[in-house]
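As a plain string of letters, each chain reads:
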Amino acid sequence: MYADFSGLAFSPADILLPQNCDLTKWSVVACDQYTSQPEYWQRVEETVGSAPSTLRLILPESCLDGPNVDTDIVDVNNTMARYLLEDRFRLLHDTMVYVERRLSSGRVRRGLVGKVDLELYNYEADDQAQVRATEGTVLSRIPPRVAVRKNAPLELPHAMLLMDDPEDMLMNYLSGCHWEMEQVYDFDLMENGGHITGWKLGEDELATVAGLLRQITDPQVFRHRYGSRCGAMTLAVGDGNHSLATAKECYERQKRLTPPGQWAALPARYALVELTNLHDESLIFEPVHRVLFDVDPAQVLGALVAAYPGAYYGEGEGHCLRYVHAGGTGSVTIPHPTAHLEVGTLQTFLDEYLQEHPGRIDYIHGDDVAAELGRQKGNLAFLLPALRKEELFPTVVQDGALPRKTFSMGDANDKRFYLEARRIR
């Protein structure tokens, strides 16, 4: 069978898998997790030791503003080059990998690793591209990530794309035939990350996947589902939007130095991602809470009440913003909000407040972690409700990208772990 992926945003890739190493030590969680919990990354450092690991190929987000960031970036690139020279990788040519990730909860999340065409992706809030960001992109966060990626010979993905497949056609097909494929990894992930297993697709499976993707991402199906006025968004970025935005920026820079006729051959035109189904039963949208550090909680809350007409302390009709600080818990209600979601109301205020007042913000996964941080003196945590995943596609279609860090696909330890790689130079 012939696998025809022409015109599709998602397609097979040359995938590099680690070999001759301890995969549990090799694979570490996405770099934007545990940013306010340095003890997590210290435990990872102790677990990995001197073993080959993706820990040496990425920079935890907390290090991007560190005093040694330039040296750290050089070390990352040098380690990538060394691993390539050491034949640390096995090449899976022009294929995809079907993934089953058993999460810490026992649920199994199914995904498919391949590459996305960055020509068909844009992170602008009002863009009508086939592949769209679901959350707002903080432009100031892209340059430090570009510094990491621009000279790197490899990419290691933690971005996850979502398809709108209510009948779950694609993943049901793959889960039903994976025993016919070659198993390429099967191991436990560190730090309560669960277990992961992957299978390489053969030609027959690739051909069937191509056909199913055409059905699932058909623009006519999309317009019928969400309205004829909607642009044909076929895939949405569920996780790793800033990483994908960084890949897009690096590609755009290369385009400026390359004749248009050669753009299709640029390795940087594509980014390795994992595709999963929005409707997968294992996929639980978790809220991303806001924690302010080095602030006066009473001053912040007073400013919040003053910022919105009719706002008051306590719970009522409208957007109810719950908070935790050293003095206790409470809530502020914003009646008649203009934003669609509570996070939109809160983030608009916080952005303006922090421009004019001291303090910093972090985006925290997990109710307990956010509340614990909020209770520390000088901190203030806002605990946000979860987005219903059924709201995601229609909300993005109607309102554009959501506020940044609106939702998280699972707890921090359920986020994607670095495992596969791909050459980008």
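Residues numbered from 1 in each chain as written. Predicted model: local features only at pLDDT ≥ 70, side-chain atom pairs only at ≥ 80, totals over all residues. Heavy atoms only, no water.

Q: How do you make sense of helix α11 (residues 367-374) when you look at a structure like this?
A: Helical geometry: 3.6 residues make up each α-helical turn, so side chains three or four residues apart lie on a common side. Every buried residue belonging to α11 is among Ala370, Ala371, Leu373 and Gly374, and all of these are buried. Along the long axis of α11, the arc covered by the buried residues comes to 160°, so they all point the same way. Away from its buried face, by an angle of more than 90 degrees, α11 presents the exposed residues Asp368 and Glu372. Of the surrounding elements, those touching the buried residues of α11 are β14 (285-293), β16 (319-325), β18 (360-365) and β19 (380-383). (Buried < 20%, exposed > 50% of the residue type's maximum accessible area, 1.4 Å probe, protein only. Helix = DSSP H or I, 4+ residues; strand = E, 2+ residues; numbered from the N terminus. Arc of directions from axis to C-beta. Contact = heavy atoms within 4.5 Å.)

Q: Mind showing me how you'd approach the side chain of Asp414 here?
A: Tracing the backbone through its elements, the reader meets Asp414 in the loop between β20 (407-409) and β21 (422-423). We note that Asp414 is buried and unpaired, the nearest opposite charge coming from Arg107 at a distance of 4.7 Å. (Lys, Arg positive; Asp, Glu negative; His and termini not counted. Salt bridge = Lys/Arg side-chain N within 4 Å of Asp/Glu carboxyl O.)

Q: Just checking my understanding: could you explain the pattern of salt bridges for this structure?
A: Opposite charge on two side chains makes pairing possible when the charged atoms of those side chains draw close. Counted by the stated rule, this structure contains 20 salt bridges. Residues Glu45 and Arg56 are paired through a salt bridge, measuring 2.8 Å at the closest nitrogen-oxygen approach. With Glu45 in helix α2 (residues 38-48) and Arg56 in the loop between α2 and α3 (69-85), this residue pair connects regions lying 11 residues apart in the sequence. A relative accessible area of 34% means that Glu45 is categorised as partly exposed. Here Arg416 and Glu420 are joined by a salt bridge, their closest N and O atoms 2.9 Å apart. Of the two residues examined, Arg416 and Glu420, each falls in the buried class. A network of salt bridges, in which partner residues are shared, links Glu119, Lys248, Glu252 and Lys255.

Q: Explain the packing of aromatic side chains here, please?
A: Remark: the centre distance and the inter-plane angle together describe each pair of aromatic rings, the angle taken between the planes. Counted under the stated rule, the structure contains 9 aromatic pairs. Where Trp26 meets Tyr83, the ring centres are 5.8 Å apart and the plane angle is 35°; that geometry is what we call tilted. Placement of the pair is Trp26 in helix α1 (residues 23-26) and Tyr83 in helix α3, with a sequence separation of 57 residues. The exposure class of Trp26 is buried, given its relative accessible area of 0%. With 5.5 Å between their ring centres and 85° between their planes, Tyr40 and Trp41 make a pair best called edge-to-face. The pair Tyr40 / Trp41 is uniform in exposure class, with both members buried. The structure contains a cluster of three or more aromatic residues connected by ring pairs, namely Trp26, Tyr83 and Phe89. Its end group placed over the ring of Tyr270, Lys115 keeps NZ or CZ at 4.8 Å from the ring centre. Directly above the ring of Trp263 sits Lys255, whose terminal nitrogen or CZ lies 4.4 Å from the centroid. (Phe/Tyr/Trp six-rings, centres within 6.5 Å; stacked < 30°, edge-to-face > 60°. Lys NZ or Arg CZ within 6 Å of the ring centre and 35° of its normal.)

Q: So what exactly am I meant to see when it comes to the layout of surface pockets here?
A: Rolled over the atoms, a probe with the dimensions of a water molecule shows which regions are left empty. One number sums up the size of the largest pocket: a volume of about 840 Å³. What lines the largest pocket is a set of 33 residues, among which Thr35, Glu61, Ile361, Asp362 and Tyr363 lie closest to the centre. Of all the elements in the fold, those that place two or more residues in the lining of the largest pocket are α4 (142-149), α10 (342-356), β18 and α11. Broken down by element, the residue count for the lining of the largest pocket peaks at 6 residues, all from β18. Class assignment for the residues of the lining of the largest pocket results in 11 nonpolar, 9 polar and 13 charged. The volume enclosed by the second largest pocket comes to roughly 350 Å³. Glu45, Leu55, Arg56, Pro60 and Cys63 are the residues nearest the centre of the second largest pocket, which is lined by 17 residues in total. Partitioning the lining of the second largest pocket into residue classes produces 9 nonpolar, 4 polar and 4 charged. (1 Å grid on protein atoms, 1.4 Å probe; cavity = no way out; pocket = protein on both sides within 12 Å on 5 of 7 lines; lining within 4 Å. Points joined across faces, edges and corners; volume = space filled by probe spheres on them. Nonpolar A, V, L, I, M, F, W, Y, C, P; charged D, E, K, R; others polar.)

Q: Which parts of the structure should I look at to understand unusual backbone geometry?
A: Trans peptide bonds make up most of the peptide bonds, and negative phi angles are found at most residues other than glycine. Even without a glycine there, the phi angle at Glu191 is positive, about 55°. One can find Glu191 in the loop between β10 (182-188) and β11 (195-200). Phi is positive for His336, which is not a glycine, with a value near 50°. With respect to the helices and strands, the residue His336 is situated in the loop between β17 (328-334) and α10.

Q: I would appreciate a short explanation of the packing of α4 against helix α8 (residues 241-255) in the present structure.
A: Where α4 meets α8, the axes come as close as 9 Å, and the angle between the chain directions of the two elements is 65°. With respect to each other, α4 and α8 are oriented roughly perpendicular. Read as a crossing pair, α4 and α8 show a hand that is right-handed. Each of Ile142, Arg145, Val146 and Arg149 in α4 lies in contact with α8, whose residues at this interface are His242, Ala245, Thr246, Ala247, Glu249, Cys250 and Arg253. Looking at side-chain class alone, the contact of α4 with α8 contains 5 nonpolar, 2 polar and 4 charged residues. (Axes fitted to C-alpha atoms, helices over the stretch in contact; angles between N-to-C directions. Parallel < 35°, antiparallel > 145°, perpendicular 65-115°, else oblique. Left-handed = near helix turned anticlockwise from the far one by under 90°.)

Q: Explain the environment of Val69 here, please?
A: Secondary-structure assignment places Val69 in helix α3. You can call Val69 buried: its relative accessible area is 16%.

Q: Explain empty space enclosed by the protein to me, please; I cannot follow it from the model alone.
A: In total, this model carries 4 cavities of 30 Å³ or more according to the counting rule given. Put simply, the largest cavity is a space of about 660 Å³. If you go around the largest cavity, you meet 42 residues; those closest to its centre are Cys31, His158, His242, Ser243 and Tyr418. Looking at the lining of the largest cavity, the elements that each hand over two or more residues are α4, β8 (154-155), β12 (235-239), α8, β13 (270-277) and β20. It is α8 that contributes the most residues to the lining of the largest cavity, 6 residues altogether. Broken down by class, the residue content of the lining of the largest cavity amounts to 19 nonpolar, 12 polar and 11 charged.

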